[in-house]
Amino acid sequence: MSDPTAQPQAGEHDVWICDFADPDDRAAFARLMAEFAAEPVSASPHLDAAHFGRVADDLARRAGTLVLLAARAESEQTEGVLIAFEGYSSFGRTQLFNVHDVHVAPAARAKGLGTAMLEVLADLGREHGFGKITLEVAASNGGAIRLYRRLGYTGLDGVPAAAPAGVTYFATRKL
């Protein structure tokens with residue numbers, strides 16, 4: 001991306017590029033990722049905020065990383081995080097974003113924050129000539145699957161309502 005300091009807009013929600021040099025952004029990232037790790041879909045409760053503080057160090061040094069943070073306009077704290085990495089489609093001969101993690105705090109779910117982060121990512125991708133976004137989603141994460149379908153991600157058709165534990169689906173959205 002040519003301007004990693006650009007601050008995207010997302011309507012009624014605030015979505016911004018995480019600045020790991022900013023103590024508030026860094027703390028919010030670590031808190032939200034530890035919260036995500038502790039959820040049943042992630043099954044990694046042993047990964048705490050200190051671990052994700054070290055992840056923040058790693059990501060800050062890694063080229064091709066984009067971390068978005070988000071909050072509802074009426075909220076006083078950061079409530080969402082999205083981690084994406086730049087990649088390349090050899091068949092499509094185009095750059096892509098691969099979404100590695102998306103998490104919205106439980107109190108902010110079903111209020112459009114996940115949609116806002118994914119739409120900002122899509123806008124940034126289009127702005128920089130990317131051809132698509134890819135992601136994986138746990139079969140047990142029905143809310144995320146519904147969101148991705150609604151936003152036009154393909155590869156999730158025919159996904160059963162009750163899938164076996166440990167199953168992951170791959171989805172793509174053309175930009």
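Provided above is the structure to which this section pertains.
To keep things clear, this report deals only with the structure shown in the data block. No experiment lies behind these values; they were computed from the predicted model shown.

## Focus: the packing of aromatic side chains
In this structure the tally under the stated criterion is 3 aromatic pairs. Relative to Phe29, the ring of Phe20 lies with its centre 5.1 Å away and its plane at 85°, an arrangement referred to as edge-to-face. Each member of the pair, Phe20 as well as Phe29, is classed as buried.

## Some words on the sheet that holds strand S1 (residues 13-17)
Pairing between the strands of a sheet comes from backbone hydrogen bonds, and it takes one of two forms, parallel or antiparallel. Spatial ordering of the open sheet is given by S1-S2-S3-S4-S5-S6, a layout of 6 strands whose pairing is mixed. The open sheet is flanked by S1 and strand S6 (168-174), the only strands paired with a single partner. Between one strand and the next, the sheet's axes are offset by a mean angle of 25°, whatever the strand orientation. Both strand S3 (residues 80-89) and strand S4 (residues 94-104) contribute to a ladder of 10 bridges, which runs antiparallel.

## As for the environment of Ile17
Counting through the fold element by element, Ile17 comes out in strand S1. Since its relative accessible area comes to 9%, Ile17 is described here as buried. Along the primary structure Ile17 and Leu68 are separated by 51 residues, whereas in three dimensions their C-alpha atoms are 4.6 Å apart.

## Description of the nonpolar core
With 35 residues, the main nonpolar core has Leu68, Leu82, Leu121 and Tyr148 as its most contacted residues. Elements with a minimum of two residues in this core: S1, strand S2 (65-72), S3, S4, helix H3 (113-127), strand S5 (132-138), helix H4 (142-150) and S6. Element by element, the count of residues in this core is highest for H3, at 8 residues. Aside from chain neighbours lying at most four places away, what touches Leu121 is Leu66, Leu68, Leu82, Ala84, Phe97, Val99 and Ile133. Core analysis: the second largest hydrophobic core is formed by 20 residues, Met33, Phe52, Ala56 and Val67 among them.

## Observations concerning unusual backbone geometry
Note on backbone geometry: most residues besides glycine have negative phi, and most peptide bonds are trans. Its identity is not glycine, yet Ala43 carries a phi of approximately 55°, on the positive side. Ala43 gets classed as exposed once you look at its relative accessible area, which sits at 56%. Look at Ala110: it is not a glycine, yet its phi comes out positive at around 65°. Secondary-structure assignment places Ala110 in the loop between S4 and H3.

Conventions adopted
Residues numbered from 1 in each chain as written. Predicted model: local features only at pLDDT ≥ 70, side-chain atom pairs only at ≥ 80, totals over all residues. Heavy atoms only, no water. Phe/Tyr/Trp six-rings, centres within 6.5 Å; stacked < 30°, edge-to-face > 60°. Buried < 20%, exposed > 50% of the residue type's maximum accessible area, 1.4 Å probe, protein only. Pairing = 2+ DSSP bridges. Helix = DSSP H or I, 4+ residues; strand = E, 2+ residues; numbered from the N terminus. Axes fitted to C-alpha atoms, helices over the stretch in contact; angles between N-to-C directions. Core = buried A, V, L, I, M, F, W, Y, C linked by side-chain atoms within 4.5 Å. Contact = heavy atoms within 4.5 Å.

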